[in-house]
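Breakdown of the fold
Here's the letter readout for the chains.
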Amino acid sequence: MPFVQRAGRLIVVCGLSGSGKTTLARTLEGRLRAIRFSPDEWLDALSINRHREDVREKIEALQWKFAQDLLAQGLTVIIEWGTWARSERDTLRLGARALGAAVELHYLAEPVDVLFERLQRRGRENPPIERDAFSRWVAIFQVPTLEEMALFDEPVVADLSHPD
Ligand SMILES: Nc1ncnc2c1ncn2[C@@H]1O[C@H](COP(=O)(O)OP(=O)(O)OP(=O)(O)O)[C@@H](O)[C@H]1O
Ligand SMILES: [Mg+2]
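We now turn to the structure provided with this report. (Residues numbered from 1 in each chain as written. Chains lettered and ligands numbered in written order. Predicted model: local features only at pLDDT ≥ 70, side-chain atom pairs only at ≥ 80, totals over all residues. Heavy atoms only, no water.)

To continue, consider the side chain of Glu-80. Looking at the element boundaries, Glu-80 is found in strand β3 (residues 76-82). A distance of 2.7 Å separates the side chain of Glu-80 from the side chain of Thr-22, its partner in a polar contact. A polar atom in the side chain of Glu-80 sits 2.8 Å from the side chain of Arg-36. Setting aside residues no more than four positions away along its own chain, Glu-80 makes contact with Val-13, Lys-21, Thr-22, Ala-25, Arg-36, Phe-37, Ser-38 and Pro-39. (Helix = DSSP H or I, 4+ residues; strand = E, 2+ residues; numbered from the N terminus. Polar contact = N/O pair within 3.5 Å; in protein donor to acceptor, adjacent residues only side chain to side chain. Contact = heavy atoms within 4.5 Å.)

What follows is the structure, encoded as structure tokens:
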């Protein structure tokens, strides 16, 4: 039988803190047998404070390197970095496509009050995030436009409320 190369698939889960990226990424990981890359989990595993942005950047670079190797092998990879900037999402999309992989963008949007309330309820941030600081994050975040969304492929799992 001739060898057929499977195409990889990159799933980018994008959103502000508290938007549910990790929750969704874990569900997709199970459904799609994908490999999920979360910088927070690697920071925790290395006992490094999540606020160390310099280390986070290095971890993300390492995760992207691994992710590209896995995509080239035809696997499904989930990246849940937040990807607040359009330029970050462009880099992931173009990098995946250069490897012949499909690429999905899942943007998780919730009203600011809902996000802030979830973060307070989760109680993980130490020190706790303040409302003013959170409002600044909201102002920095570049919401994907319809034009940007159209550059991505259709999700393989479009509606998670439906059973398999
Ligand atoms: N669809 C949802 N409806 C209600 N609560 C949710 C939903 N998704 C996630 N949550 C809850 O909101 C909180 C934040 O979710 P999660 O940790 O997945 O967000 P996150 O985007 O990964 O945040 P961070 O960027 O801080 O890692 C959790 O307590 C989670 O249980
Ligand atoms: Mg998370």
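Moving on from the coordinates now.
So, on to the layout of surface pockets. Estimates place the volume of the largest pocket at around 1,100 Å³. Every residue lining the largest pocket is counted, 37 residues in all, and those nearest its centre are Ser-17, Asp-40, Arg-56, Arg-124 and Trp-137. Only α1 (21-32), α2 (39-45), α3 (53-72), β3 and α5 (112-122) provide two or more residues apiece to the lining of the largest pocket. (1 Å grid on protein atoms, 1.4 Å probe; cavity = no way out; pocket = protein on both sides within 12 Å on 5 of 7 lines; lining within 4 Å. Points joined across faces, edges and corners; volume = space filled by probe spheres on them.)

Moving on, we come to the packing of aromatic side chains. This model, assessed by the stated rule, comprises seven aromatic pairs. Ring centres of Trp-84 and Phe-141 lie 6.1 Å apart, and the angle between their planes is 65 degrees; on these two criteria the pair is classed as edge-to-face. Taken together, the positions of Trp-84 in the loop between β3 and α4 (86-98) and Phe-141 in the loop between α6 (131-140) and α7 (146-149) put the pair 57 residues apart, joining distant regions of the chain. With centroids separated by 5.8 Å and ring planes inclined at 20 degrees, the aromatic side chains of Tyr-107 and Phe-141 adopt a geometry described as stacked. Placement of Tyr-107 in strand β4 (residues 102-107) and of Phe-141 in the loop between α6 and α7 is noted, with a sequence separation of 34 residues between them. Owing to a relative accessible area of 28%, Tyr-107 belongs among the partly exposed residues under this scheme. One aromatic cluster is present, built from ring pairs that chain together Trp-84, Tyr-107, Phe-116, Phe-134, Trp-137 and Phe-141. (Phe/Tyr/Trp six-rings, centres within 6.5 Å; stacked < 30°, edge-to-face > 60°. Buried < 20%, exposed > 50% of the residue type's maximum accessible area, 1.4 Å probe, protein only.)

Here Ile-129 is to be found in the loop between α5 and α6. In this structure Ile-129 comes out as buried when scored by relative accessible area, which is 15%. For the pair formed by Ile-129 and Gly-74, sequence separation is 55 residues and the distance between their alpha carbons is 39 Å. Setting aside residues no more than four positions away along its own chain, Ile-129 makes contact with Phe-116, Leu-119, Phe-134 and Trp-137.

Attention now moves to unusual backbone geometry. In this structure, the amide linkage connecting Asn-126 to the following residue, Pro-127, adopts the cis form with an omega of 5 degrees. Here Pro-127 is to be found in the loop between α5 and α6. The backbone of Ser-47 shows a phi angle near 55 degrees, a positive value even though the residue is not glycine. Residue placement: Ser-47 occurs in the loop between α2 and α3. Notably, Thr-83 is not glycine yet its phi reads approximately 40 degrees, a positive angle. By the element assignment, Thr-83 lies in the loop between β3 and α4. Look at Thr-83 and you get buried, because its relative accessible area is 1%.

What follows concerns the site of ligand 1. In the vicinity of ligand 1, the contacting residues are Leu-16, Ser-17, Gly-18, Ser-19, Gly-20, Lys-21, Thr-22, Thr-23, Asp-40, Arg-118, Arg-122 and Arg-124. Out of a free accessible area of 630 Å², ligand 1 has 66% covered by protein chains. When each cavity is represented as a set of grid points, ligand 1 is found to reside in the largest pocket. Examining the composition of the shell around ligand 1, we find that three residues originate from one element, α1, more than from any other. Counted by class, the shell around ligand 1 contains one nonpolar, six polar and five charged residues. (Near = heavy atom within 4 Å. Areas by Shrake-Rupley, 256 points an atom, 1.4 Å probe, with all protein chains shown as cover. Sits in = over half its atoms within 2 Å of the grid points. Nonpolar A, V, L, I, M, F, W, Y, C, P; charged D, E, K, R; others polar.)

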